[in-house]
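# Observations on the three-dimensional arrangement
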Amino acid sequence: MLAVLKKEFKTYFITPVGYIFMGLFLLIAGITFVTGNVFSMSEDYANGTLSGLILVFVLAIPLLTMRIYTEEQRQKTEQLLMTAPIPTWQVVLGKFLAASLLFGMTLLVTVIFPILLSFHGRMEWPVIIGSYIGFFLLGCAFTSIGVFVSSLTDSQASAAIITLFLVLITWMIDFISGYMPQSNLSGIIFALVLALFLGLMVYNSSRNLTVSGLVLLAGLLVTGAILLINKEVFTSLITKSLNWFSLTSRFYNFPRGILKLSDLVYYLSFCGFFIYLTSRKIEKKRWS
Amino acid sequence: MIKAENLTKSYGRHLAVDNISFSIEKGEVIGFLGPNGAGKSTTMNMMCGCLAPSEGRITINGIDIMDEPEETRKYVGYLPEQPPLYFEMTVTEYLKFVGELKRVPKKQIKEDIDRIVNLVKIADVKDRLIRNLSKGYKQRVGIAQALMGNPPILVLDEPSVGLDPKQIIEIRNLINELKKDHTLIISSHILPEISAVCDRVLIINKGNIVASDTPENLSKRLTGSNKVYLRIKGEESAVRDALSSVAGAEHISVSPCQEEEALDVTVEAEGDEDIREKVFFALSGGKLPLLQMRPMEMSLEDIFLNLTTVEENA
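What you are looking at is a predicted structure, and each value in this text was computed from that prediction instead of being measured.

Take the overall build of chain A next. Looking only at helices and strands, chain A has 15 helices and zero strands in total. For chain A, the C-alpha atoms occupy an extent of roughly 65 × 50 × 30 Å along the three principal directions. Restricting to contacts in chain A with at least 6 residues of sequence separation, those with at least 24 account for 79%. Accessible area for chain A stands at about 14100 Å²; split by element, carbon and sulfur atoms hold 75% of it. When the 19 positive and 12 negative side-chain charges of chain A are each reduced to one mean point, those points stand 9 Å apart.

Here it is, written out as structure tokens:
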């Protein structure tokens, strides 16, 4: 794993990708800082400047991950990784960590901004540190999506575009969720669709009709049981679930200085899930 | 050392490898021979754990490679058909990465690199970017990669494809060098390479093993009759008359040749009988000057064509 991490990290600086990412990110962060804090004489770094940067790295993360697996497939170096005496998930983890490390390093450079500000005003350090942690975790989650997408295709351009699209969608969930129907009925339908989807997914991976039927039945039973016990659960269920899934809505806890364990676990398991998906995708090639 | 039992691989409906079994002993040099798409690369990919067999199993030192993939992969160095090179690295950087990837201890990595660059003769380019190397050097870096960590088994898929004749000879010498301490499995459709270095040849066609023997035995087995090639100066009818008087000569075929007033003739004898002397006297009796005569051994190429076409007719 360490070997892959080192190699990927080095590759960022052998190829122009690392410099482009760092340069662009720091340039825009600098502009935001100068306009948002210096010219407007504001002390509000965490909520103003840092939160404003989310959009920038929504756009920049695809740059970081687009070549991470596509190049292996294009140059046929994948076979080297697949025949190496290490499990696939470690290879994927190494690649993910390399991208996260570069991203984290870039983020660390921007710490200079609040330090500069601290000479001229009173900084709320817990808030700023919290924001940085949140920012980093959010970036990791986006990176894990990017790594997964790059394992799906052997073209860098399509990997970048699809990643951008997915990351934008997760970012937009916050706006979309507000427009979802709020009634009990819609909640019930949503639960049923979810159960059906789960059943189909089980069928797709196991090709076993009985097991997937049982999963579907269990889903229906749970929905029915909750309907009898506590109807309130279904009120605006769609909005609630979308918000729970939203990567960014959780992020806004961090600039408030709230470091919740559940948020931390959410982000880490999000990354873990996508790393798992990626290694399954790679493993699948052995069986094609 | 390596054993394949009832190995089958299908891609959807297409059967790439069809129920083949073979076993390879320690220290052997095995050649996989077959036309493109015969299933050589698929078989090799399965041996290296890159592909999972649809059916059957492969064991290395008695361990099923699907049960303990990480453990068994340590024994095998693999050069795929297209060498897996990172073009943006230098040769040394690349070999170092491969060493780390294969979990070779740090100290040994340095020793391995020093030893291997000299063995495969890439010491003079070791600090250059792989992108800028010629095809022959790239191929050798690919072999160097397989050698990292000194695995007892080497699987080389078409090590000499796309190289010029001088480079092919160099690769062949290298393989002869590697023979000393490795079990080698080489695939190729460049036949002299296989017969020059291999102890045993497996001929694969359409996912099946058509033949498995030493190159010499294969040649003997398939020649069967004794063929002689002749170049004779004279008229076709006179040549035919003279040769048909030779006892045991069959299948006389005559074709024009580049030399003026001369003919290319092949004569096949019944059984193992050597008819060269009789042919000489018959021709000298007919006052037909003999310009060339040599016994025709079936080359591996002929065997190969013979076997694969026989397979097609069946």
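Structure's up, so let's keep going.
Another aspect to go through is the overall build of chain B. Along the backbone of chain B there are 11 helices and 14 strands. A globule of 314 residues ought to have a C-alpha radius of gyration of about 20 Å, yet chain B, at 25 Å, is considerably larger. Taken along the three principal axes of its C-alpha coordinates, chain B extends 75 × 45 × 35 Å. Carbon and sulfur atoms provide 48% of the accessible area of chain B, an area that totals close to 14800 Å². Averaging the coordinates of the 38 positive side-chain charges in chain B and doing the same for the 48 negative ones gives two points 7 Å apart.

Moving on: the packing of helix α4 (residues 54–65) of chain A against helix α10 (residues 156–177) of chain A. All names here are of chain A. Between α4 and α10, the shortest axis-to-axis distance is 8 Å and the interhelical angle comes to 150°. Regarding the angle of α4 to α10, the classification is roughly antiparallel. In this structure, α4 crosses over α10, and the sense of that crossing is right-handed. Counting all contacts with α4, which are made through I54, L55, V58, L59, P62 and T65, the residues of α10 involved are A160, T163, L164, V167, L168 and W171.

Looking now at the packing of aromatic side chains. A complete count under the given rule lists 15 aromatic pairs over all chains for this structure. Both rings, one in F21 of chain A and one in F25 of chain A, keep their centres 5.9 Å apart while their planes meet at 15°; by these two values the pair is stacked. Taken as a pair, F21 of chain A and F25 of chain A lie in helix α2 (residues 17–39) at a separation of four residues, close to a single helical turn. The class of F21 of chain A is buried, set by a relative accessible area of 0%. A relative accessible area of 1% means that F25 of chain A is categorised as buried. Measuring from centroid to centroid gives 5.6 Å for Y86 of chain B and F97 of chain B, while their planes differ by 75°, and the two rings are edge-to-face. Here F97 of chain B lies in helix α3 (residues 91–101) and Y86 of chain B lies in the loop between β6 (76–79) and α3, a separation of 11 residues in the sequence. In this pair, the class of Y86 of chain B matches that of F97 of chain B, namely buried. Its guanidinium or amino end placed over the ring of Y137 of chain B, R140 of chain B lies 4.9 Å from that ring's centre, counting from NZ or CZ.

A few words on the sheet that holds strand β9 (residues 200–205) of chain B. In a beta sheet, neighbouring strands are held together by backbone hydrogen bonds and run either parallel or antiparallel to one another. Residues and elements named next belong to chain B. The sheet built from six strands is open, its strands ordered β6-β7-β8-β3-β9-β10 with mixed pairing. Both edges of this open sheet fall to β6 and β10 (208–213), since each of them pairs with a single strand only. Here the average twist between neighbouring strands, direction ignored, is 15°.

This part covers the sheet that holds strand β2 (residues 14–24) of chain B. Residues and elements named next belong to chain B. Spatially, four strands are ordered β2-β1-β4-β5 in an open sheet, and the strand pairing comes out antiparallel. Each having just a single partner strand, β2 and β5 (63–64) make up the two edges of the open sheet. Helix-sheet contacts for helix α1 (residues 40–47) involve β1 (2–11), β2 and β4 (55–60), and the interaxial angle to β2 is about 60°.

With that settled, the discussion passes to the domain arrangement of chain A. The domains assigned to chain A are domain 1 (2–179 + 243–287) and domain 2 (184–235). Between domain 1 of chain A and domain 2 of chain A, the C-alpha centre-to-centre distance is 33 Å.

Time to look at the interface of chain B and chain A. Counting from both sides, the interface comprises 32 residues of chain B and, opposite them, 25 residues of chain A. Summed over both sides, the interface between chain B and chain A buries roughly 2700 Å², with carbon and sulfur atoms accounting for 61% of that surface. For the pair chain B and chain A, the interface holds one salt bridge. Sorting the residues of the side of chain B that touches chain A by element identifies β1, α2 (69–73) and α3 of chain B as the ones contributing at least two each. The dominant element in the side of chain B that touches chain A, judged by the number of residues it contributes, is α3 of chain B, at six residues. Classifying every residue of the side of chain B that touches chain A by side-chain character gives 18 nonpolar, five polar and nine charged.

Residues and elements named next belong to chain B. For helix α9 (residues 236–244), every residue scored as buried is listed here: V239, A242 and L243. Along the axis of α9, the buried residues cluster in a sector spanning 95°; they form a single face. Summarising the geometry of α9, the exposed residues directed more than 90 degrees from the buried face are S237 and D241.

Another point: the environment of S177 of chain A. Residues and elements named next belong to chain A. Position of S177 among the secondary structure elements: in helix α10. Along the primary structure S177 and L242 are separated by 65 residues, whereas in three dimensions their C-alpha atoms are 6.1 Å apart. In this structure, S177 is in contact with Q182, T239, L242 and N243, ignoring residues within four places of it in sequence.

Procedures and definitions
Residues numbered from 1 in each chain as written. Chains lettered and ligands numbered in written order. Predicted model: local features only at pLDDT ≥ 70, side-chain atom pairs only at ≥ 80, totals over all residues. Heavy atoms only, no water. Helix = DSSP H or I, 4+ residues; strand = E, 2+ residues; numbered from the N terminus. Contact = heavy atoms within 4.5 Å. Areas by Shrake-Rupley, 256 points an atom, 1.4 Å probe, with all protein chains shown as cover. Lys, Arg positive; Asp, Glu negative; His and termini not counted. Charge placed at Lys NZ, Arg CZ, Asp CG, Glu CD. Rg over C-alpha atoms; globule rule 2.2 N^0.38 Å. Axes fitted to C-alpha atoms, helices over the stretch in contact; angles between N-to-C directions. Parallel < 35°, antiparallel > 145°, perpendicular 65-115°, else oblique. Left-handed = near helix turned anticlockwise from the far one by under 90°. Phe/Tyr/Trp six-rings, centres within 6.5 Å; stacked < 30°, edge-to-face > 60°. Buried < 20%, exposed > 50% of the residue type's maximum accessible area, 1.4 Å probe, protein only. Lys NZ or Arg CZ within 6 Å of the ring centre and 35° of its normal. Pairing = 2+ DSSP bridges. Domains from an automatic or database assignment. Buried area = accessible area lost by both parts, 1.4 Å probe. Salt bridge = Lys/Arg side-chain N within 4 Å of Asp/Glu carboxyl O. Nonpolar A, V, L, I, M, F, W, Y, C, P; charged D, E, K, R; others polar. Arc of directions from axis to C-beta.

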